[in-house]
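Structural description and commentary
Letter by letter, the chains look like this.
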Amino acid sequence: MSVNNELETGMLAVIATLNFIINIAWFLVIASAIFSWLYAFNVINVNNSAINMIGRSLYQLTEPLYRPIRRVLPDMGGVDLSPLVVLVILYFIWYLLNTTIAAALLG
């Protein structure tokens, strides 16, 4: 196997891993948004320890993504648009990775 093929294989592995991480982040943002709606409308039992554990976990995983965006976005009252902005940013990164960067690296 030539050095060029080994490099391409390595780059494909890096791109696939980054795609996987982006997909996990996408899922976590959507799960966090749905959980927050269910919590806000009292659809789920907030006194259940398992539900609280899931909610805390989702909050701790997604809050580092939301916090910088919330600093920049204006206050919209009770509407939090930071999950939507995070999803748009994740899609942009995914698209850039799979079209521009992958094409440039793999030629």
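These numbers were taken from a predicted model, which means no experiment stands behind them.

Quick word on the packing of aromatic side chains
Applying the stated rule across the entire model yields three aromatic pairs. On the basis of an interplanar angle of 20° and a centroid distance of 6.5 Å, the ring pair of Phe 35 and Tyr 39 is categorised as stacked. Linking Phe 35 with Tyr 39, this pair stays in helix α1 (residues 3-40), spanning four residues, or about one helical turn. In textbook terms, an aromatic cluster arises when at least three aromatic residues are bridged by ring pairs, as seen for Tyr 91, Trp 94 and Tyr 95.

Focus: the pattern of salt bridges
Per the counting criterion, the structure on display carries two salt bridges. We note a salt bridge from Arg 70 to Asp 80, for which the minimum N-O separation is 2.7 Å. Separated by 10 residues along the polypeptide, Arg 70 in helix α2 (residues 49-72) and Asp 80 in the loop between α2 and α3 (82-106) bring together distant segments of the chain. Salt bridges linked by common partners bring Glu 63, Arg 70 and Asp 80 together as one network.

Considering the side chain of Ser 82
Among the structural elements, Ser 82 can be located in helix α3. Within the local environment of Ser 82, its side chain forms a polar contact with the side chain of Asp 80, the two groups lying 2.7 Å apart. In contact with Ser 82, not counting residues within four places along its chain, are Tyr 66, Ile 69, Arg 70 and Leu 73.

What counts, and at which threshold
- Throughout, a residue's number is its position along its own chain's written sequence, starting from 1.
- The predicted nature of this model means local features are confined to residues of pLDDT at least 70 and side-chain atom pairs, given and counted, to a pLDDT of 80 or more, with totals for whole chains, interfaces and linings taken over all residues.
- The side-chain figures draw on all heavy atoms in the structure; neither hydrogens nor water molecules are used.
- Two rings from Phe, Tyr or Trp (for Trp, the six-membered ring) form a pair when their centres are within 6.5 Å of each other. A pair whose planes differ by under 30 degrees is stacked, one over 60 is edge-to-face, and the rest are tilted.
- Counting from the N terminus, the helices are DSSP H or I runs at least four residues long and the strands are E runs at least two residues long.
- Salt-bridge detection follows one rule: a side-chain nitrogen of Lys or Arg within 4 Å of a carboxyl oxygen of Asp or Glu.
- Within 3.5 Å is the distance limit for a polar contact, defined as a pair of N or O atoms, with the added protein rule that one can donate a hydrogen and the other accept it, and that residues adjacent in sequence qualify only through two side-chain atoms.
- Note on contacts: a residue pair qualifies if any of its non-hydrogen atoms lie within 4.5 Å across the two residues.

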